[in-house]
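# Topology and contacts: notes
Here are the chains, one letter per residue:
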Amino acid sequence: MDATGIAVAQSPEGDLQHRASKTARQYAIGILFMVYMFNQIDRQIIAVLGQSIKTDLMLSDTQLGFLTGFAFAVFYSLTSIPIALIADRTNRRNLISGALALWSGMTAVCGLAQNFWQLAVARLFVGIGEAGCSPPAHSMISDMFKREERATALAVYGLGIPVGALGGLMVGGLLGEWLGWRSALFVIGAPGVVLAIVLRLTVAEPKRGASDTAIFDTQDTPTLRQTARYLWKRRSFRNMLAGGTIVTAISTSMVMWTPAFLERSFAMSLGEIGVLLGLVAGIPGAIGMFVGGYLSDRLGKHDQRWRLWVGAMSMILFCPFSCAAYLASSPKMALLLLTVPFFLNTMYAAASFAHAQSLVTIRMRSTAAAILLCVLALFGYGGGPQVVGILSDLLAPHAGIAALSYAMAIFSATSLFGALFFYRAGVFLEADLAVVGKDID
């Protein structure tokens with residue numbers, strides 16, 4: 001134990017022997033990827049069904065923005081940190097399994113809603129369930145993979161975002177057109193309950209710290225206050241958090257509002273939107289997620305700063321293509337242009353998640369992930385769609401049907417601020433990594 005009260009094991013051999021086999025780790029990451037895929041499908045299914053829900057329940061864009069944003073994000077944020085504190089003390093696999101069963105069931109319940117408030121309450125419980133997914137999953141993955149493998153491993157897990165978007169948009173669009181939005185929600189919710197059972201019965205809980213070459217642990221698990229204060233002292237984390245919030249707000253708005261943009265601007269059917277946008281968002285997004293994690297690990301071996309500068313570069317390139325897509329005059333041009341920002345807007349994620357895990361001690365990992373995801377959820381998942389909805393309503397008297405297009409183009413331009421924050425995070429990265437395990441009070 002060092003002077004700070006942190007137990008440090010400098011020899012890795014003993015604990016690395018407790019790592020699961022390569023096959024077991026690959027199976028576990030595969031199952032966790034599927035869990036995250038359902039997490040994203042159930043989160044984003046409202047997007048492709050949004051215009052139908054708006055018409056049926058007679059909602060404004062501001063209300064629809066609330067349903068896709070804050071109705072989910074507020075309780076996701078409020079419950080993610082308490083759940084993460086539990087995850088740092090108990091079995092993480094069991095926690096994820098229970099959370100998956102909850103949010104999947106509540107997705108089906110959304111189909112029973114008869115008005116705005118009933119749907120908002122159901123979405124609230126979807127958010128509570130989904131809060132139990134990523135913090136313990138990030139912690140499990142960090143215990144299964146070494147630091148130099150971690151961004152790539154988290155990128156594989158993070159593929160659940162674009163693949164979930166692909167599945168949610170395509171399946172949701174087709175089911176919504178064939179069966180209606182209510183039945184689509186029933187059908188989407190059921191498979192997650194089955195997967196929860198598979199996870200519980202077939203994935204082992206990893207040994208904490210088994211993949212770290214220098215293991216930091218504490219006699220007592222740090223409190224939320226200790227973890228939050230510890231992270232806030234790291235300038236790379238503060239800047240990464242600001243940049244990630246901006247990018248999350250933009251990318252969430254794209255997924256939530258692009259179906260309505262295509263339907264309003266080009267009169268596309270729900271089935272067309274689901275299939276075409278699912279391909280445009282899902283495949284490039286999946287490639288971008290993996291490429292971002294791979295480049296972060298690859299370039300980071302030579303210069304640690306590139307672990308975060310990859311995100312900065314992606315956001316600089318994102319701005320012109322995204323703005324052009326929402327101002328395009330034809331659906332073909334809009335969809336073609338959108339492939340680029342959907343590819344770019346996932347490149348930051350894996351490195352950001354890995355960075356938060358690498359900055360903290362073993363018993364802080366779930367809590368650190370929850371703090372990161374809490375802010376991203378509240379101001380990104382919640383704020384992004386809400387801001388676009390308000391902008392669209394404000395512009396409607398002047399721009400008419402094009403109001404949503406202008407709102408999305410304006411909001412997309414804020415990606416340049418995200419790039420600036422990611423650049424600054426990279427500048428401070430090496431200094432922050434050098435003091436991991438110190439200054440915990």
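No experiment lies behind these values; they were computed from the predicted model shown.

## A short note on the packing of helix α12 (residues 235-266) against helix α18 (residues 403-412)
Between α12 and α18, the shortest axis-to-axis distance is 10 Å and the interhelical angle comes to 160 degrees. Our classification of the angle between α12 and α18 gives roughly antiparallel. Two packed elements cross with a definite hand, and for α12 against α18 that hand is left-handed. Within the contact between the two elements, α12 uses Ala249, Ile250, Ser253, Met254, Trp257, Ala260, Phe261, Arg264 and Ser265 and α18 uses Leu404, Ser405, Met408, Phe411 and Ser412. Taken together, the residues of the contact of α12 with α18 break down into nine nonpolar, four polar and one charged.

## So, the nonpolar core
Core analysis: the largest hydrophobic core is formed by 132 residues, its most contacted members being Val35, Leu49 and Ile141. The biggest single contributor to this core is helix α2 (residues 22-57), with 16 residues. Beyond its immediate stretch of four places on either side in the chain, Leu49 contacts Gly172, Gly176, Trp181, Ala184, Leu185 and Leu270.

## Some points on a nonpolar patch on the surface
Judged by side-chain polarity, Val109, Leu112, Trp178, Leu179, Phe186 and Val187 come together as a nonpolar surface patch covering roughly 590 Å² of accessible area. Residue class for Val187 comes out partly exposed when judged on its relative accessible area of 41%.

## Side note on the pattern of salt bridges
Working definition: two side chains of opposite charge can pair if their charged atoms are close together. Summed over the entire model, instances satisfying the criterion amount to seven salt bridges. Close ionic contact of Arg43 with Glu130 constitutes a salt bridge, the shortest N to O distance being 2.9 Å. Taken together, the positions of Arg43 in helix α2 and Glu130 in helix α6 (residues 116-130) put the pair 87 residues apart, joining distant regions of the chain. Both residues of the pair, Arg43 and Glu130, count as buried. Between Arg92 and Glu205 there is a salt bridge, and its shortest N-O distance comes to 2.7 Å. With Arg92 in helix α5 (residues 92-110) and Glu205 in the loop between α10 (181-202) and β2 (215-217), this residue pair connects regions lying 113 residues apart in the sequence. Taken together, the salt bridges that share partners define one network made up of Lys54, Asp61 and Arg264.

## Thoughts on α6
The terminal C-alpha atoms of α6 lie 21 Å apart, and with 15 residues this matches the ideal 21 Å at 1.5 Å per residue to within 8%. Next to the buried residues of α6 lie α2, α3 (61-68), α4 (70-87), α5 and α7 (134-144).

## Looking at the side chain of Glu130
Take Glu130: its relative accessible area is 0%, and that puts it in the buried class. Looking at Glu130, its side chain comes within polar contact range of the side chain of Arg43, at 2.9 Å. Dropping the residues within four chain positions of it, Glu130 is found in contact with Asn39, Asp42, Arg43, Phe72, Tyr76 and Trp103.

## Here's the deal with the confidence of the model for the protein chain
When the pLDDT values of the protein chain are averaged, the result is 83; 91% of them are 70 or greater. Across the protein chain, α18 holds the top mean pLDDT of 94, while strand β1 (residues 7-9) sits lowest at 40. Low pLDDT, under 50, characterises residues 1-17; the predicted model gives this stretch 31 contacts beyond four residues in sequence or across chains. Segment residues 214-219 is flagged for pLDDT under 50; beyond a separation of four residues in sequence, or across chains, it makes 21 contacts in the model.

## Considering the environment of Ala73
Positionally, Ala73 belongs in helix α4. Measuring from C-alpha to C-alpha, the distance between Ala73 and Ala113 comes to 19 Å, with 40 residues separating the pair along the chain. Discounting residues that sit within four places of it in the chain, Ala73 has contacts with Ala377, Leu378, Tyr381 and Gly382.

Conventions adopted
Residues numbered from 1 in each chain as written. Predicted model: local features only at pLDDT ≥ 70, side-chain atom pairs only at ≥ 80, totals over all residues. Heavy atoms only, no water. Axes fitted to C-alpha atoms, helices over the stretch in contact; angles between N-to-C directions. Helix = DSSP H or I, 4+ residues; strand = E, 2+ residues; numbered from the N terminus. Parallel < 35°, antiparallel > 145°, perpendicular 65-115°, else oblique. Left-handed = near helix turned anticlockwise from the far one by under 90°. Contact = heavy atoms within 4.5 Å. Nonpolar A, V, L, I, M, F, W, Y, C, P; charged D, E, K, R; others polar. Core = buried A, V, L, I, M, F, W, Y, C linked by side-chain atoms within 4.5 Å. Buried < 20%, exposed > 50% of the residue type's maximum accessible area, 1.4 Å probe, protein only. Patch = residues over 30% accessible without salt bridge, like charges linked within 9 Å, V, L, I, M, F, W, Y side chains within 5 Å. Areas by Shrake-Rupley, 256 points an atom, 1.4 Å probe, with all protein chains shown as cover. Salt bridge = Lys/Arg side-chain N within 4 Å of Asp/Glu carboxyl O. Expected span 1.5 Å × (residues − 1). Polar contact = N/O pair within 3.5 Å; in protein donor to acceptor, adjacent residues only side chain to side chain. pLDDT = per-residue confidence, 0-100.

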